[in-house]
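Chain by chain, the residues:
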Amino acid sequence: MNFSKLLALMLPLVLVMALAMSCGAEQPAPAAPAGITAEELQAAIAGIQIPEGLSEADVSEIVSSAISAQPGITAADLQTAVDAAEGITAAELQAAIAGIEIPEGLTEDDVSKIVEGAIQPGLSADEVSKIVSDQLDEQPGITAEDLQNAVDAAVVIAVAAAVPAPAAPAPADVMQSGTLDVAFQQVVTFGNDYTVRTAPEIGFVGTTSGEPVLKLNGDGEVVPQLITEWSLDDSGSVWTLKLREDVEFHRGWGNMTSDDVIFSMQEISGEDSVSSWAGTSREYLAVEGGGITKVDDYALSVDLVAPKRGFLDFLIQPAFIVNSKTVFDSLGREAAGPLGIGTGPWQYEEESLHEYWRFSALQDHYRKAPEFAELVFWQIPEENTRLAGFLTGNLDTFLMNFDSKPSLDKVPGIQYMAIPNGTTQHLGLHPNHYAGMGEADFEERRPGAFNCLKDDACPWVSPNPDINSPEWERARKVREAMLISIDRQAIVDSFLDGEGLPQSLWTWENALHRLPPKYREWEFNPDRARQLLAEAGYEDGFDMIVTASTRGVAGEHASCEAVAEYFEDIGIRTQIDRVPQTVIGPKLNARSYVGLNCHGTGGRASPATIMHIIYGSNSGFSAGFDHPIMDDLVEQMNAAVDSETHWAKLNEIAAFMYDNALDSGLYSVNLLFPLGPNVVAWTEHINYAESRVLGSYEYAKHRAE
């Protein structure tokens, strides 16, 4: 008997039992059963009429493995499950296992464990059989671990698709109807596991099925969300956070408590985290001598050891959401992450990779029940396709490029959601990494810079981190030449239809007035740029890769290609790459990318909200440079509690970057989402900590007829 036939024989019995025992529970939760006591369970098993061929021990073993994951089952549920299983005997099951043809590398014990692992509610025999059969046919010599992974993948997909709806939903706060269709260039892969999904991916999740614990409003104020109150002790280093007590996880997974928040903090700051916030979150959540302490079920404290103003900036990010500890502990990481069990107003239903994410509206939510019944994110890379979808009524809104605006302006009654300086484009000169230069592990920690220096291949990178050295000055001249060769105003005029502004420094787009005038712009001076290259010894130019990454910022590809043309004009020979963020991101994080990267992101109310992430030498992300001087300045800025000192330190940071030509902005651009005839704007409710992904869709309303 082959493995497919074995599964086809075994699964109907166990699936019927498991599904029957769920009896209205939405998703298995591993807590002790709420609707049946130990005595009732024993009585139920004792009273079961055993089908022919199955002993009481057989039934007890099967029931006990399923009961632990099913709260609220009753004796009647158990009897129904066993009655439905009549016709399959224990002997037949044993014969099936004994007769299986074991693939090379697998023992009978391996097969038994795999079969046990495949027994999950919502998964049909055909679904598992096909997955397993395909694996066995295509990969002779497959190991037990390989096969188990294949079965786990099938389980995750099937469980996510087969979770039953609640039997009696609570009344909705609003009458929900219709679908809100939103398109982006890229929505990447769904999931809420910090060890698998990156910050951009979880950032999208944090506007739908998940949500940040605090929120930044349009006035730049931090306002409550999952956290209702926060306070700082007299030392300025210990924060106490109080949680809402009425927050429920999706699909019946229970009440959110401080255990879940602590678990999520440990996950994002853990060694296996792939979030770009991992390094910085460790400085807040896992600092030596400090850390997280549970106060009670709805309160916790975080000891930062020293004052760190940026802690609240971390808590407002959609890239940090609260996951259920119970879900991850019971289902395991591989199964839990793709289910996206969260606390947001939208419940995840399904995704089609590189096509869409689909969510259903919660009918009752502690904060705001959506007015639309369904939300769909569409991944549509081409602007013309997004525009066509909007004009034909298939999309309600999309993140538009500004070359579409003239066409949209002609649409009768067109409305826009406009967020001033809502996105910004950055020019990162990689790999100007100087933290740890000369140390034994520099090659491992900074491979891009190490290889540049080894081969003398990157004129813009100094082999000496001393900012007063001749080597530093030579590389600085090259960087300055590159940055003053670009006509930022011409790029804004050409690609942004009057909706953008040139930027000298990244993330300062909403705080430009706080910068000294000399740092507010780069001059456009190609003649001086050529002179600087000649002084540095590169009158014949050099070769450089320029990468336009896809981040959903208006004009990002065209503007990056224009930058490459400006470089060509002063003798720098360029190779242009267009890549998704999922391709370039891991290289940036690993400090292995070499070249200029055009990288877009959301506009910031203050550069302080992300300074420690993009420029910190221990951050999980790199904007292109790090330096011990920068680390010290960022630490001083973060420790400055009073506003005057805080902004003075930010200006010192700006001066260090600008004077050494280490980093540059390109432009900021107003965020525009055109609105179709079925929806009105909800701009006042957006989380301005990351406006590029829009978010707050629960506040979207139907447009009145």
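A few points on the structure. (Residues numbered from 1 in each chain as written. Predicted model: local features only at pLDDT ≥ 70, side-chain atom pairs only at ≥ 80, totals over all residues. Heavy atoms only, no water.)

Notes on the overall build of the chain
And step 1. Secondary structure summary: the chain contains 26 helices and 21 strands in total.
And step 2. Each of the 705 residues in the chain was classed as buried or not, and the buried ones make up 56%.
And step 3. The contacts of the chain with a sequence gap of at least 6 include a subset with a gap of at least 24, amounting to 74%.
And step 4. When the accessible area of the chain is evaluated, it comes to approximately 28000 Å², of which 50% is carbon and sulfur surface. (Helix = DSSP H or I, 4+ residues; strand = E, 2+ residues; numbered from the N terminus. Buried < 20%, exposed > 50% of the residue type's maximum accessible area, 1.4 Å probe, protein only. Contact = heavy atoms within 4.5 Å. Areas by Shrake-Rupley, 256 points an atom, 1.4 Å probe, with all protein chains shown as cover.)

Quick word on the sheet that holds strand β9 (residues 356–361)
And step 1. Taken in spatial order, the five strands make up an open sheet running β8-β9-β10-β1-β11, and their pairing is mixed. Each of the sheet's edge strands pairs with one partner strand only, and the pair in question is β8 (346–352) and β11 (397–398).
And step 2. Here β9 pairs with strand β10 (residues 374–379) via five bridges, running antiparallel. Pairing of R358 across the sheet is with V376, part of β10. (Pairing = 2+ DSSP bridges.)

With respect to helix α23 (residues 581–589)
And step 1. Buried residues of α23: Q581, I584, G585 and L588, and no others. Buried residues of α23 fall within an arc of 110° about the axis and therefore sit on the same side.
And step 2. Looking at the buried residues of α23, the elements they touch are α9 (199–205), β12 (415–430), β15 (543–550), β16 (573–580) and β17 (595–602).
And step 3. Two residues or fewer past α23, R591 is found with a positive phi of approximately 60°. (Arc of directions from axis to C-beta.)

Notes on the state of the cysteines
And step 1. Scanning the model with the defined rule gives two disulfides in all.
And step 2. Put simply, C452 and C458 are joined by a disulfide, and their sulfur atoms are 2.0 Å apart. The disulfide joining C452 to C458 has a torsion of about -55° about its S-S bond and is therefore left-handed. Of the two residues examined, C452 and C458, each falls in the buried class. (Disulfide = S-S within 2.5 Å.)

Structural notes on the packing of helix α20 (residues 488–495) against helix α22 (residues 556–569)
And step 1. Contact geometry of α20 with α22 gives a least axis separation of 10 Å together with a crossing angle of 145°. Considering only the axes of α20 and α22, their crossing is right-handed. Mapping the contact onto sequence places A490, I491 and F495 in α20 and A558, S559, A562, V563 and Y566 in α22.
And step 2. Grouping the constituent residues of the contact of α20 with α22 by class yields seven nonpolar, one polar and no charged. (Axes fitted to C-alpha atoms, helices over the stretch in contact; angles between N-to-C directions. Left-handed = near helix turned anticlockwise from the far one by under 90°. Nonpolar A, V, L, I, M, F, W, Y, C, P; charged D, E, K, R; others polar.)

Description of the packing of aromatic side chains
And step 1. Under the counting rule described, the total for this entry stands at 32 aromatic pairs.
And step 2. Here W239 and F311 contribute two aromatic rings whose centre-to-centre distance is 5.7 Å and whose plane-to-plane angle is 45°, an arrangement assigned as tilted. One end of the pair, W239, is in strand β5 (residues 238–243); the other, F311, is in helix α12 (residues 311–315), and 72 residues separate them in sequence.
And step 3. Since its relative accessible area comes to 8%, W239 is described here as buried.
And step 4. Ring centres of Y615 and F625 lie 5.2 Å apart, and the angle between their planes is 40°; on these two criteria the pair is classed as tilted. Placement of Y615 in the loop between α24 (611–614) and β18 (625–626) and of F625 in strand β18 is noted, with a sequence separation of 10 residues between them.
And step 5. The buried category is assigned to Y615, whose relative accessible area is 1%. (Phe/Tyr/Trp six-rings, centres within 6.5 Å; stacked < 30°, edge-to-face > 60°.)

Some details on the nonpolar core
And step 1. Grouped together as the largest cluster of nonpolar side chains are 160 residues, with contacts concentrated most on F311, L315, W682 and Y697.
And step 2. Beyond its immediate chain neighbours, meaning those up to four positions away, W682 contacts M417, L675, L694, G695, S696, Y697, Y699 and A700. (Core = buried A, V, L, I, M, F, W, Y, C linked by side-chain atoms within 4.5 Å.)

Some points on the pattern of salt bridges
And step 1. The full count for this structure, using the stated rule, is 26 salt bridges.
And step 2. Across the pair K325 and D329 runs a salt bridge, and its minimum N-O distance is 2.7 Å. Here the residue K325 and the residue D329 both occupy positions in helix α13 (residues 325–331), the gap between them amounting to four residues, near one helical turn.
And step 3. In this structure, R573 engages D543 in a salt bridge whose closest nitrogen and oxygen atoms are separated by 2.7 Å. Note that R573 is positioned in strand β16 and D543 in strand β15, a separation of 30 residues in sequence.
And step 4. Overlapping salt bridges bring together E473, R476, E480 and R528 as one network. (Salt bridge = Lys/Arg side-chain N within 4 Å of Asp/Glu carboxyl O.)

Describing the sheet that holds strand β7 (residues 299–303)
And step 1. Reading across the sheet, the four strands line up as β4-β5-β7-β6 and stay open at both edges, with antiparallel pairing between neighbours. Each edge of the open sheet carries a strand with a single partner, namely β4 (227–232) and β6 (291–296). Within this sheet the neighbouring strands show an average axis-to-axis angle of 20°, counted without direction.
And step 2. Both β5 and β7 contribute to a ladder of five bridges, which runs antiparallel. In the strand pairing of β7, K242 is matched with A299.
And step 3. Those strands touched by helix α10 (residues 258–268) are β5, β6 and β7, and its axis lies near 175° from that of β6.

Focus on the pairing of strand β19 (residues 664–675)
And step 1. Of all the 12 residues making up β19, 11 are buried; the element is thus mostly covered by neighbouring parts of the structure.
And step 2. Sheet analysis places β12 next to β19, joined by 10 bridges and oriented antiparallel. By the bridge assignment, M417 is partnered in β19 with F673.
And step 3. Of the pairings in the sheet, the one linking strand β14 (residues 500–502) to β19 comprises three bridges and is antiparallel in character. Bridge pairing in β19 links L501 to S668.

Topic: unusual backbone geometry
And step 1. Here the amide bond leading from H430 into P431 is cis, since omega sits at 0°, within 30 degrees of zero.
And step 2. As for its placement among the helices and strands, P431 is situated in the loop between β12 and β13 (432–433).
And step 3. One non-glycine residue, N421, lies in the positive phi region at around 50°.
And step 4. Inspection of the secondary structure assignment puts N421 in strand β12.
And step 5. A positive phi angle, near 75°, is found at T507, a position not held by glycine.
And step 6. Residue class for T507 comes out buried when judged on its relative accessible area of 1%.

With respect to the pairing of β8
And step 1. Looking at chain direction, β8 and β9 are connected through six bridges and run antiparallel. Residue E350 lies in a different strand from β9, and its bridge partner there is R358.
And step 2. In this structure, the hairpin formed by β8 and β9 is closed by a connection of three residues, where H354 is found at a positive phi of approximately 65°.

Here we look at the side chain of K215
And step 1. Considering the arrangement of structural elements, one finds K215 in strand β2 (residues 214–216).
And step 2. Buried and unpaired, K215 has E698 as its nearest opposite-charge partner, separated by 5.7 Å.
And step 3. With sequence-adjacent residues up to four places away left out, K215 is seen in contact with E221, V222, V223, Q225, I316, H685, I686, N687, S696 and Y699. (Lys, Arg positive; Asp, Glu negative; His and termini not counted.)

With respect to the environment of Y519
And step 1. When you line up the elements, Y519 lands in the loop between β14 and α21 (526–535).
And step 2. Separated by 138 residues in the primary sequence, Y519 and M657 place their C-alpha atoms 9.7 Å from one another.
And step 3. Once residues lying within four places of it in the same chain are set aside, the contact partners of Y519 are S504, L505, A655, Y658 and D659.
And step 4. Here D659 takes part through its side chain, which lies 3.4 Å from a polar atom of the side chain of Y519. (Polar contact = N/O pair within 3.5 Å; in protein donor to acceptor, adjacent residues only side chain to side chain.)

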